[in-house]
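Topology and contacts: notes
Here are the chains, one letter per residue:
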Amino acid sequence: PNYHHQHQSGSTPWRNPLRSQGLSTRRELYERDFPVYKQPVEVGCFSLDSERRFFNDSRQMRYYVEPDRNPNFDLKDGYKDRFVKRDDGEKEKLDNILRWIVANRSKLDSRETTASSRALDVDFVTWRGHLTKLLTTPYETRDSWLLAVTRFRGTLYISEVETEAARRDRENRTERNAEMMYWGYKFEQYTCADDIHSLPDPSGVVNTNEAFCTVVQTRLADHRLLFSGEVDCRDKDPAAPAPPACYVELKTSAEICTPKQRSNLHRFKLLKWWAQSFLPGVPRIVAGFRDHEGVVVSVETFHISKISHLIKNEYNCWKPTVCMNFCSDFLSFVKHVATEDNPSVVYLFSWEPHRDVTFSIHRDSQYSFLPHWFIQEMTS
Ligand code: A3P
Ligand code: MG
Ligand code: MG
């Protein structure tokens, strides 16, 4: 394995967060056969409404309505007067997934007896977005990350902690950047309807509190995973395959005018797009390409299963196997490090570009993230 044993010293190791030699993120170390990744199975879903309230159902599901090939969607429309932005300073951690687990425990309870110390039949619980960051780590050169891990009743919970740099970026966003973040959601409004018989309504309000999330179960090598991710919309044909195969991911990107721009899309953006959709088994991405004025001038569909072929023509490009093997080895590293089963202990894994992954241990700290209501529910 690409990590080294940590040698503990001192009588109260938790007082001085220990640094391990860590886990390497060098690409060459992960160029082996593609690991086993089982077809993800949807085990449930939930919705967050316009006030960010949780519902254990699919009320926020939207339906994809195919646009013209050359649509002329104005993504700037409504930014000033028809936009309700979610407060992204409010950290929800794993709370909505934990609410879903509590509401659906019977579907997940371990086959083992209730006397067993394992409450859920999975090794890891996390957000899809956290796994996406792990998949892209061997190729990331700019953004660092912090992941808090707690072992509780045999399951490892992984919850992201915002880095100082990310907080600074969030608090100092330029007006142009804030507006460009809106564009992606506006594209969703142009292409999604609320039910199978209606059409998109671009005159409405864009409210980024609203979300529909799938909860999937799968296995990566010997790691059983339960994770949730936001889904933009689904195929509106009732005869479409069952979730997650009917889901569609929507993206926007700058218009492509030169071979160099096409190459950059393949080398950088497709890595993130592929990782995000491959994980939950979403088979296709519909991309809207916008001009400098924020007008979508063309749309193109990318099939996830074809992306690995698309990128083979690019020199020195990213490889799906490196992403998956790194993620698998990171999860093994976490299992090896996070051994104390205790909801108030956090193992904080930390990574910066060109460095190894390291960790520190925190007891009853600001990093603890499993809420009391969840601990109580799972202990009874
Ligand atoms: P685009 O993907 O078209 O850029 P998602 O694609 O994951 O469904 O996210 C919807 C939109 O949220 C994005 O649309 C983008 O506008 C915004 N968004 C999501 N993650 C972001 C990030 N890390 N930084 C900036 N904007 C982000
Ligand atoms: Mg989305
Ligand atoms: Mg999207």
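Predicted model, so just to flag it, every value in this text is computed and none were measured.

Basis of the calculations
Residues numbered from 1 in each chain as written. Chains lettered and ligands numbered in written order. Predicted model: local features only at pLDDT ≥ 70, side-chain atom pairs only at ≥ 80, totals over all residues. Heavy atoms only, no water. Helix = DSSP H or I, 4+ residues; strand = E, 2+ residues; numbered from the N terminus. Rg over C-alpha atoms; globule rule 2.2 N^0.38 Å. Buried < 20%, exposed > 50% of the residue type's maximum accessible area, 1.4 Å probe, protein only. Contact = heavy atoms within 4.5 Å. Lys, Arg positive; Asp, Glu negative; His and termini not counted. Charge placed at Lys NZ, Arg CZ, Asp CG, Glu CD. Pairing = 2+ DSSP bridges. Salt bridge = Lys/Arg side-chain N within 4 Å of Asp/Glu carboxyl O. Donors = N, O, S within 2.8 Å, 3.2 Å for Na, K, Ca; no water. Core = buried A, V, L, I, M, F, W, Y, C linked by side-chain atoms within 4.5 Å. Axes fitted to C-alpha atoms, helices over the stretch in contact; angles between N-to-C directions. Near = heavy atom within 4 Å. Polar contact = N/O pair within 3.5 Å; in protein donor to acceptor, adjacent residues only side chain to side chain. Areas by Shrake-Rupley, 256 points an atom, 1.4 Å probe, with all protein chains shown as cover. Patch = residues over 30% accessible without salt bridge, like charges linked within 9 Å, V, L, I, M, F, W, Y side chains within 5 Å.

1. A closer look at the overall build of the protein
In terms of regular secondary structure, the protein is built from nine helices and 18 strands. Relative to the globule expectation of 21 Å for 380 residues, the C-alpha radius of gyration of the protein, 21 Å, shows essentially globular dimensions. Its C-alpha atoms put the protein at 65 × 50 × 40 Å along the principal axes. The proportion of buried residues among the 380 residues of the protein is 52%. For the protein, the share of sequence-separated contacts (at least 6 apart) that also reach a separation of at least 24 residues comes to 73%. For the protein, the distance from the average site of its 52 positive side-chain charges to the average site of its 53 negative ones is 4 Å.

2. Some words on the pairing of strand β17 (residues 345-351)
The element β17 is largely enclosed, with a buried count of seven among its seven residues. Alternating residues of β17 divide into Val 345, Tyr 347, Phe 349 and Trp 351 and Val 346, Leu 348 and Ser 350, and every residue in both groups is buried. Of the pairings in the sheet, the one linking strand β7 (residues 145-152) to β17 comprises five bridges and is antiparallel in character. Its bridge partner lying in β17, Val 149 is registered against Tyr 347. In this structure, the hairpin formed by β17 and strand β18 (residues 358-363) is closed by a connection of six residues, where His 354 is found at a positive phi of approximately 70 degrees.

3. Concerning the pattern of salt bridges
Between side chains of opposite charge, a pair can form as their charged atoms come close. This structure, assessed with the given rule, holds 29 salt bridges. Glu 340 is the partner of Arg 363 in a salt bridge, and the nearest nitrogen-oxygen pair spans 2.7 Å. Within this pair, whereas Arg 363 is found in strand β18, its partner Glu 340 is found in the loop between α8 (320-337) and β17, the two being separated by 23 residues in sequence. Its relative accessible area of 31% is what places Arg 363 among the partly exposed residues.

4. Observations concerning the coordination of the magnesium ion (ligand 3)
Taken together, Asp 232 (OD), Glu 249 (OE) and Leu 250 (O) make up the full set of protein donors to the magnesium ion (ligand 3), lying 2.1 to 2.2 Å away. Mapped onto the sequence, the donors of the magnesium ion (ligand 3) take the spacing D-x16-E-L. Here the magnesium ion (ligand 2) and the magnesium ion (ligand 3) are spaced 3.6 Å from one another, each receiving a donor from Asp 232.

5. Details of the nonpolar core
Of all hydrophobic cores here, the largest spans 51 residues; its most connected members are Trp 274, Trp 318, Phe 330, Phe 349 and Val 357. At 10 residues, α8 tops the list of elements feeding residues into this core. Those residues in contact with Trp 318 that sit more than four places away from it in its chain are Tyr 139, His 266, Arg 267, Leu 270, Leu 271, Trp 274, Ile 307, Ile 311 and Cys 323. Core analysis: the second largest hydrophobic core is formed by 30 residues, Phe 46, Leu 48, Ala 119 and Val 125 among them.

6. Observations regarding the sheet that holds strand β1 (residues 41-48)
Pairing is mixed across the open sheet formed by nine strands, whose spatial order is β2-β1-β11-β12-β6-β8-β7-β17-β18. The sheet is open, and its two borders are formed by β2 (54-55) and β18, each paired with just one other strand. Set on the sheet, helix α3 (residues 128-136) makes contact with β6 (124-127), β7, β8 (155-161) and β12 (223-230); between it and β6 the angle comes to about 90 degrees.

7. Digging into the site of ligand 1
The full set of residues close to ligand 1 is Met 181, Gly 184, Tyr 185, Glu 188, Asp 232, Glu 249, Leu 250, Lys 251, Thr 252 and Gln 276. A distance of 2.6 Å is found between an oxygen atom of ligand 1 and a backbone nitrogen or oxygen belonging to Thr 252. Within the side chain of Gln 276, one N or O atom sits 2.9 Å away from an oxygen atom of ligand 1. Surface burial for ligand 1 is 61%, taken as the share of its 530 Å² of free accessible area covered by protein chains. Going through the elements one at a time, α5 (175-191) and β14 (247-254) are the ones with two or more residues in the shell around ligand 1.

8. What about the pairing of β1?
Within β1, six of the eight residues are buried, leaving the element largely enclosed by the surrounding structure. Across two bridges, the pairing between β1 and β2 is antiparallel. Bridging from a neighbouring strand, Leu 48 pairs with Phe 54 of β2. Connecting β1 to the antiparallel partner β2 that follows it, the hairpin turn spans five residues, and Arg 52 within it adopts a positive phi of roughly 70 degrees.

9. Structural notes on a negative patch on the surface
Together, Asp 194, Asp 195, Asp 201 and Glu 210 give the surface a local cluster of negative charge. Its location among the elements puts Glu 210 in the loop between β10 (206-207) and β11 (211-220). In this structure Glu 210 comes out as partly exposed when scored by relative accessible area, which is 34%.

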